[in-house]
Structures are given as structure tokens and as C-alpha cells.
Amino acid sequence: MSSPQILLIRRARIILPNGELMIGDVLIRDRQIVEVAPEISQTALANEIDAEGLTLLPGVIDPQVHFREPGLEHKEDLFTASCACAKGGVTTFLEMPNTRPLTTTQQALDDKLERASQKSLVNYGFFIGATAENLPDLLSAKPTPGIKIFMGSMHGQLLVDGETALEAIFAKGDRLIAVHAEDQARINQRRQEFANIHDPAVHSQIQDNQAAMLATQLALKLSQKYQRRLHILHMSTAEEADLLRQEKPSWVTAEVTPQHLLLNTSAYEKIGTLAQMNPPLRSPHDNEVLWQALRDGVIDFIATDHAPHTLEEKAQEYPNSPSGMPGVETSLALMLTAAMEGKCTIAQVVNWMSKNVAVAYGIPNKGAIAPGYDADLVLVDLNTYRPVRREELLTKCRWSPFEGWNLTGWATTTIVGGEIVYDKGQVNTQVRGQALTFL
């Protein structure tokens, strides 16, 4: 019988579940936190981390990523993506179904879970994707955090944009439905209006605020009709935030990406197609309204929508350039830098990037630093600023829309299930995360 794995973190600035800061120690045994106290006496067999001057947070749970495996591994795969997660302080991810083959059956879900068990350094869960025909799979597939519906910005089987097909999904079962809310008919119409324009900035006019608002209104209508648990992915517009501020049932949640908080349409002039994503970047006014909605609890949490493409793919002329950008390595540092600038508090960042995600998706024992919780943790340095450098990124695509941004709150040590997976620039590729369960 092997001896228990014991890890002791000393003298950390700990963000407690109530948001208060305590300088103290955290004792971990066999994947779980067993004690949090101002001082814990020397424990035999314990490996120690001296965290003086560093801040200890719950590991980030990123609830919307596209890690491209299987079928698109030239962009990213579960191993490279999870290395990037470890470096960024992300200890858990929820991944989307638009891989090849699509994750629309139990068999495809099982295949991803098996791949992740072999490759992923951090914890993982996978959405089941909705088509117009796979309702039985949507009702029975497990384990999954929920059903992903592309109401727009998608083609082929995963596009479910007719109200009749959408209503059939909302009407049966009680599993969470997460929507990419853009109106495909509106997008198609606008594409014709703006045809033969190759400036990527036109992307934000084609997939405009109204396209997002129309789809969110429809999803909210169906959710209210059936009292169906709804999550609105990557909310991007002031209009959507204002709508939810007026009518947001208790069973509806929403997220926003750092990109939609911190970047806007001015980014096209600076980085061209690297700024192209779905839904697109919006105006500075949208940035401000989204920030306020996040601070007020109208928007519940942060997700990256990590969606890497190669630089060669991104270099194609618009509209042939693909939409999407990487994000798992920079999200925590971006949000902590915003906190240091006074846009929010560190405790709010913990809620938005850990606690609220765990609650919304029913992920037990994650999102807080307290006895009985899983030892998924990140130590960050809030005293040092360092720029985003392309050559230091671990994502396979090796670029970031935030390249050159000077950020603080970078992870110095990331812990998954009580094991150190990243420490001072080095990734421990022997660590493996675990499949999530969902209550």
C-alpha cells in the first residue's frame, strides 16, 4: 500500500471562500484539501511549497474551450492544450463538440474521454452537440456538462437554427442547454450585403449586435416557456446584457470572454484577422456595459472560448480566414491585471473564474479553498509584470491576440489533484487530470 501524497503550502496569501484574504498554510492529502489555517505544524512526509509573497487561488475552471481533438490536431490537441492550461492556472476545462467527428453520440463522447484520460494534464469534461436529429443522444449521453447548440456561426449538422428544431430540444429533458446565440438568417443576409469586402473589420458588421440579440431573445423565450436550464455562451453585446438585466430567470446563466471585455473593433487595425472571432468583437460601449453586467451579477462567469487556428490559416484573406483565438494561457493574468487596475476585485475574479462555474455546472468539490474541496489550486505573483510573448506560449498555434500586453498575476505554480503540474516555467507532463462528474 502506497503512502499518502501530502503537500503543504506555507505562508500564502489565501483567498478564502468568503472573499477575505488570509496569510496562512494549506495542507493537501490525496487530492483533497484537508486543512486551511494561519499556521499548520510540520507534517511528516509532506512536500512543502514556500509561497511567501504569492497569492493562492482556486484553479481556474474554463467552461468553454475548443481543443480540436480528434480531427483537427494540427491546430491543437488535448496534450498541448492541457499544457497551456497548466501554464495559465486553468485546472479544469469543458470542451465543445465541433471536432471531427462531431461529439454528437455516446460513442464520440466516450472516445474523447478516453483520449483525455491518456493525454490531459488537467481535469476535463465534454459537451454533447445538438443536431436536428440526435435528441435521444442529447437525453442519454453521460457524463456531460450539457447540450451545446450552435444557433448560428456554424454550418453542417451542428447548425440548429430553426425554431421548430430548437423547441424540440428545449421541450424534452432537463439537461443544461448552452447556446451560441447568433441568428444565422441575419448573418446570411448581412453576408450578401457586405460581399466582396476583404477588410476583417467588416466581420463585426456582418455578425452584428442584432444577430446576437435575435438569437438570445429566442433562446430566452424557449427557456422561459419550458423553464429549461439555459446558459448563454460568450455574451458580446450591450443589448443582450440589458435584456438579461430586465428579465433573467433564476435558471438562466451567462458568460463573457476576456476578449469581449478587453478588446473591441479597434483591434482589427492593429492585428487584422487575429482579432476575428465568433461572436465578433464589439464597440468600446459594449465593453463597458459587459463589464458592469459582470460586476452586477447579470453575467455570471468568464470563459475563454479558446479556439486556436494556425498563423497560416489566419493569414488568409477575409472572409476565408477562420474565426477564433487562443486564450487559456492568458485569461487569469488578464483578469487579475484588470483587478489590479481597479476594474474588479481579486475575490470577484475567483468567483467568475472558479466558484460560479462550479456551481452553474454542478461540478462538486471545486472552486474554493476549503477542507473537503479538491486540491486544484494556482499560486500567482501579483508583484511582477511580464509581457505576453509568442515564443513562451505552449498552445500549439503559438500566438495570442494579447501579444505584447504587460500583465501581472501569472501562475508560478499550478496544482491539479494535489500534484504540481506546473512550477516556475516547467510543466510536469506525468500528471493526469480526471474526468468530471456533474450533479
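So, how was this worked out
- Residues numbered from 1 in each chain as written.
- Predicted model: local features only at pLDDT ≥ 70, side-chain atom pairs only at ≥ 80, totals over all residues.
- Heavy atoms only, no water.
- Helix = DSSP H or I, 4+ residues; strand = E, 2+ residues; numbered from the N terminus.
- Buried < 20%, exposed > 50% of the residue type's maximum accessible area, 1.4 Å probe, protein only.
- Contact = heavy atoms within 4.5 Å.
- Pairing = 2+ DSSP bridges.
- Axes fitted to C-alpha atoms, helices over the stretch in contact; angles between N-to-C directions.

Colleague: An account of the environment of Met-154 is requested, with residue identities and associated values reported.
Modeller: Its location among the elements puts Met-154 in the loop between strand S10 (147–150) and helix H4 (163–171). For Met-154, a relative accessible area of 16% gives the class buried. Taking C-alpha positions, Met-154 is 9.4 Å from His-180, a pair spaced 26 residues apart along the chain. Apart from the residues within four sequence positions on either side, Met-154 is in contact with Asn-98, Leu-159 and Gln-184.

Colleague: Which residues make up the sheet that holds strand S7 (residues 90–95), and what values do they have?
Modeller: Spatially, S6-S7-S8 is the arrangement adopted by the three strands of the open sheet, whose pairing is parallel. Each edge of the open sheet is held by one strand with a lone partner, namely strand S6 (60–65) and strand S8 (123–126). Direction aside, the axes of adjacent strands within the sheet are offset by 20 degrees on average. As paired strands, S7 and S8 are joined by four bridges and run parallel to one another. Looking at the pairing, Phe-93 lines up with Tyr-124 of S8. Sheet strands in contact with helix H1 (residues 78–88) are S7 and S8, and its direction is about 135 degrees off that of S7. Lying over the sheet, helix H2 (residues 106–119) contacts S7 and S8, oriented at roughly 170 degrees with respect to S8.

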